[in-house]
Amino acid sequence: MKSIILGYPRIGEKRELKKAIETYWKGKTSEEELSNISKNIREKNWLEQNKLGADLISSNDFSLYDQMLDMCITLGCIPQRFSNLTGLEQYFAMSRGIQKENVDVIAMEMTKWFDTNYHFLVPEFSKDQSFSLNAEKIINEHKEAFALGINTKPVIIGPVTFLLLGKEKESGFNSLELLDKILPIYGQLIKTIDALGAEYIQIDEPILATDLDMKGQEAVKRSYEYFGNLNTKVKLILANYFDCYGENLDLTLKLPVDVIHLDLVRCRKQLEDILTHPSLNRDKILSLGVVDGRNIWKNNFKTSFQVIEQVKEKLPPENIWIGTSCSLLHSPLNLDFETELNPEIKQWLAFAKQKVDEVVTLKTLVIDKNNTAAIEKLRTNTVAIESRKTSNLIHNEIVKERVNAITEEEARRKNVFSIRKEKQHKALNLPLFPTTTIGSFPQTKEVRSWRAKFKNGSLDKNEYNKLLKEETEKAIRIQEDIGIDVLVHGEFERNDMVEYFGEQLDGFVFTQNGWVQSYGTRCVKPPIIYGDVSRPKPITVEWSAYAQSLSNNWMKGMLTGPVTILQWSFVRNDQPRSETCTQIALAIRDEVSDLEKAGIKIIQIDEPAFREGLPLRKENWNTYLNWAVKAFRISSSSVQDETQIHTHMCYSEFNDIIHSISNLDADVITIETSRSQMELLDAFVEFKYPNEIGPGVYDIHSPRVPSTEEMKQLLEKAQAVIPTDQLWVNPDCGLKTRNWPETKVALENLVKSAKHMRIKALQEV
Ligand SMILES: Nc1nc2c(c(=O)[nH]1)N[C@@H](CNc1ccc(C(=O)N[C@@H](CCC(=O)N[C@@H](CCC(=O)N[C@@H](CCC(=O)O)C(=O)O)C(=O)O)C(=O)O)cc1)CN2
Ligand SMILES: [Zn+2]
């Protein structure tokens, strides 16, 4: 029996990697310094897992930006436009774009990794694509760990997941047609790893958690049969996570791999299917992912034992591994740093380091029932689990009753959009192609340092608020000067769009250092929802009212929606997510009502995680979409017809959920479309989406400043397919990650492009 960790967080205990990369980007440190800090983080991670007693530890789970991007480099799949660059400059240009002297290249697209808040860079494929092996990173990391006495299992992304998550950059071919070209490169890679003396390779194929068509299944079969014929000693672990193997199970069990990993947190029922499956061969090792890599709750050891016992009836102990459900990339690093958490709640939690310990302890208890240290851990585990079941911190009867009493009417606006639209146009009096931004303005070092000082007590509340008010006023004047129509207050008072709300709602706790990577160097501290959610008092009303008082332009109220608050938090697992989401929706509904009462005429309820919450398998979509849409509608429907409700979504594909997007019935939706050159609009066009829409024309994830001409062209593209009176002009998303100089120029260009469109539209009438 072995313990297996599918991957470990790479940001460093105190986000050392983030800081090292960002200072490197600023030109303040050398490549060598960055490389040293990276190496230290890797070594620390390996030694930590090793010390805790984990048997199978990953290498190549480290990345300077993203593991899919690393895979592109490994396979020599580098888009043409980066071919004049080399090394780290090329690597970071691929991730963030580059703009200097004679070089102006846009970044690769970024999108959500399955149903997580982690973003990967999307591989780009052309029909005559060629591949070539560059295994340097994988070799070096294996050697580094080996020097510490650890024979790691390199982890790589499998060919089918790689190809299917990538994007064809020309029409008329399917990425899977590249399989024949890519398999020999994977073959060379596996041989290279074999030659290093690695005992195992972990090949991640989470695409197996989705509905694969015949071609996809065939590709899986062909790939692993190819790998099976390589004549290598190294053993293959096939890892799927985030859902069951489902329809892909029979195929999977017949593949010539040594180990099959199961995510038993997301899909417990597959165990029964597998153990009774005629194709299960007793030589196969099953890696049981029982410790949740996606949430922070302590593992229930007793439940895990039941799972292991069930497998022991069918397989010999040496063919049973115990592990994390998925990589721990999605989990914060170390609970020991949380000195301010309520101890009652803290005892219910486990972060990455504690999860490794859980995996090892479970294994120990299974193989050695008399191990006293492990028995003591089992005892504390049982106490914690029981304490959570019976704690009176969790339940609030008033909240439960309110959820049960929700009526259909409360989830519906008073009138249909066509009626609202007219009233809103009269009330708001906006020009054609109204310009707006998505909410946040640059979170400068100063703003963050005020918050840090306020939190550590060296800045008092009045001074902190005064500084924030000044910053807000500054942002408003800048927007007025640039000529933006609908203003925002800038969100300077918020650390994060979800954490900020979590901090002010009952039923949530938040961490001091519970960072999780979102993309590149950007991290989030997801709040923890441990109990019934309610809003003790208004959250944003004072800020919005203050901001509105400073300007004659309309000020958008700015809220995070219930689905996104749910999706970007660690959610309690003792009741259905839908129930928790509805509780949050009621809290936001009260906030919306209060904003309206305070004179705010336009209220944006952000739902960037709406799409991400979609289950991986289509059979579960309707259930989710029903409660998610309803939650949004509960939060947004208390207002008068004249009050304009906006929503915002980024990184979403809309094609297959456009019906539900339309059912949200937001008066205006702003979306991210610029990196895909407006491709994401297609869904709205085909559906004849009736409400107003702001397709993003400015890629805010890149420091690159888009030109007026560029944005004009994007708007013309939009205007060709969407009626003019439905269109808004805005960036892809909020501007908090940008700096002021580039933001100002980009927004000036944006307003110019809108004005140009307006003049043209009037001339045409
Ligand atoms: N939750 C969430 N998910 C999301 C998004 C989002 O906005 N929020 N946006 C999409 C893209 N993802 C993003 C995720 C994070 C960030 C981001 O900007 N993160 C910041 C941290 C934001 C934050 O929590 N800031 C805190 C803490 C800031 C901090 O680092 N403070 C320093 C001290 C600062 C000083 O003394 O000067 C420290 O702790 O060391 C604050 O402002 O208060 C970062 O990584 O840099 C942006 C986009 C999708 N998913
Ligand atoms: Zn966004």
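Given the structure is predicted, the values throughout are model-derived calculations rather than measurements.

Analysis parameters
- Residues numbered from 1 in each chain as written.
- Chains lettered and ligands numbered in written order.
- Predicted model: local features only at pLDDT ≥ 70, side-chain atom pairs only at ≥ 80, totals over all residues.
- Heavy atoms only, no water.
- Near = heavy atom within 4 Å.
- Polar contact = N/O pair within 3.5 Å; in protein donor to acceptor, adjacent residues only side chain to side chain.
- Helix = DSSP H or I, 4+ residues; strand = E, 2+ residues; numbered from the N terminus.
- Nonpolar A, V, L, I, M, F, W, Y, C, P; charged D, E, K, R; others polar.
- Pairing = 2+ DSSP bridges.
- Axes fitted to C-alpha atoms, helices over the stretch in contact; angles between N-to-C directions.
- Parallel < 35°, antiparallel > 145°, perpendicular 65-115°, else oblique.
- Contact = heavy atoms within 4.5 Å.
- UniProt positions renumbered as here; feature names shortened; annotations may be inferred.
- Core = buried A, V, L, I, M, F, W, Y, C linked by side-chain atoms within 4.5 Å.
- Buried < 20%, exposed > 50% of the residue type's maximum accessible area, 1.4 Å probe, protein only.
- Disulfide = S-S within 2.5 Å.

Undergrad: Please explain the site of ligand 1 as it appears in this structure.
TA: Residues in close proximity to ligand 1 total 25 residues, the closest being Lys 18, Asn 117, Arg 451, Asp 496 and Lys 736. The separation between an oxygen atom of ligand 1 and a polar side-chain atom of Lys 18 is 2.5 Å. Asn 117 places a side-chain nitrogen or oxygen 2.7 Å from a nitrogen atom of ligand 1. When residues of the shell around ligand 1 are traced back to their parent elements, those giving at least two are helix 1 (16-25), helix 17 (445-456), strand 17 (516-519) and strand 18 (522-524). Of all the elements, helix 17 adds the most residues to the shell around ligand 1, at five residues. In the shell around ligand 1, the residues fall into seven nonpolar, eight polar and ten charged.

Undergrad: Just checking my understanding: could you explain the sheet that holds strand 21 (residues 602-606) for this structure?
TA: Backbone-to-backbone hydrogen bonds pair the strands of a sheet. The strands run either parallel or antiparallel. If you walk across this open sheet you meet the six strands as 15-20-21-22-23-24, and the pairing is parallel. Taken across any chain shown, the strands that pair with only one partner, and hence form the sheet edges, are strand 15 (486-487) and strand 24 (692-695). Strand direction decides the pairing type here: strand 15 and strand 20 (residues 554-560), joined by two bridges, are parallel. Counterpart to Leu 487 in the pairing with strand 20 is Met 555.

Undergrad: What exactly am I supposed to notice about the packing of helix 15 (residues 397-404) against helix 22 (residues 577-597) here?
TA: Two quantities define a packed helix pair, namely the angle between the axes and the distance from one axis to the other. Taken N-terminus to C-terminus, the directions of helix 15 and helix 22 make an angle of 90°; their axes are 10 Å apart at the nearest point. The angle between the axes of helix 15 and helix 22 places the two elements in the roughly perpendicular class. Here helix 15 contributes Val 399, Arg 402 and Val 403 to the contact with helix 22, which in turn contributes Glu 579, Thr 582, Gln 583, Leu 586, Arg 589 and Asp 590. Looking at the contact of helix 15 with helix 22, its residues break down into three nonpolar, two polar and four charged.

Undergrad: Explanation requested: the UniProt feature "domain: Cobalamin-independent methionine synthase MetE N-terminal" (unreviewed entry) in the protein chain in the structure shown.
TA: Mapped onto this numbering, the UniProt entry annotates "domain: Cobalamin-independent methionine synthase MetE N-terminal" (unreviewed entry) at residues 3-314. Helix makes up 40% of residues 3-314 and strand 15%, and the two end C-alpha atoms of the span are 19 Å apart.

Undergrad: Would you take a moment to explain the nonpolar core for this structure?
TA: In summary, soluble globular proteins display a tendency toward joint burial of nonpolar side chains. Membership of the largest hydrophobic core comes to 228 residues, with the highest contact counts inside it found for Trp 113, Phe 162, Leu 288, Phe 610, Ile 661 and Phe 684. Per-element accounting of this core gives the leading share, nine residues, to helix 23 (residues 621-636). Here Leu 288 is in contact with Leu 262, Leu 264, Leu 271, Val 307, Ile 308, Val 311, Ile 320, Trp 321, Ile 322 and Gly 323, once residues within four sequence places are set aside.

Undergrad: Help me out: how do you make sense of the state of the cysteines in this one?
TA: One covalent bond between the sulfur atoms of two cysteine residues makes up a disulfide. Going through the model one piece at a time under the given rule, you end up with one disulfide. Put simply, Cys 244 and Cys 267 are joined by a disulfide, and their sulfur atoms are 1.9 Å apart. Across the S-S bond of Cys 244 and Cys 267 the torsion is about 75°, and the bridge reads as right-handed. Here Cys 244 is found in the loop between strand 11 (235-239) and helix 9 (249-253), whereas its partner Cys 267 is found in the loop between strand 12 (259-263) and helix 10 (270-275), with 23 residues between them in sequence. Neither residue differs from the other here; Cys 244 and Cys 267 are each classed as buried. Not engaged in a disulfide, the cysteine Cys 77 finds its nearest cysteine sulfur in Cys 72; these two sulfurs lie 4.9 Å apart.

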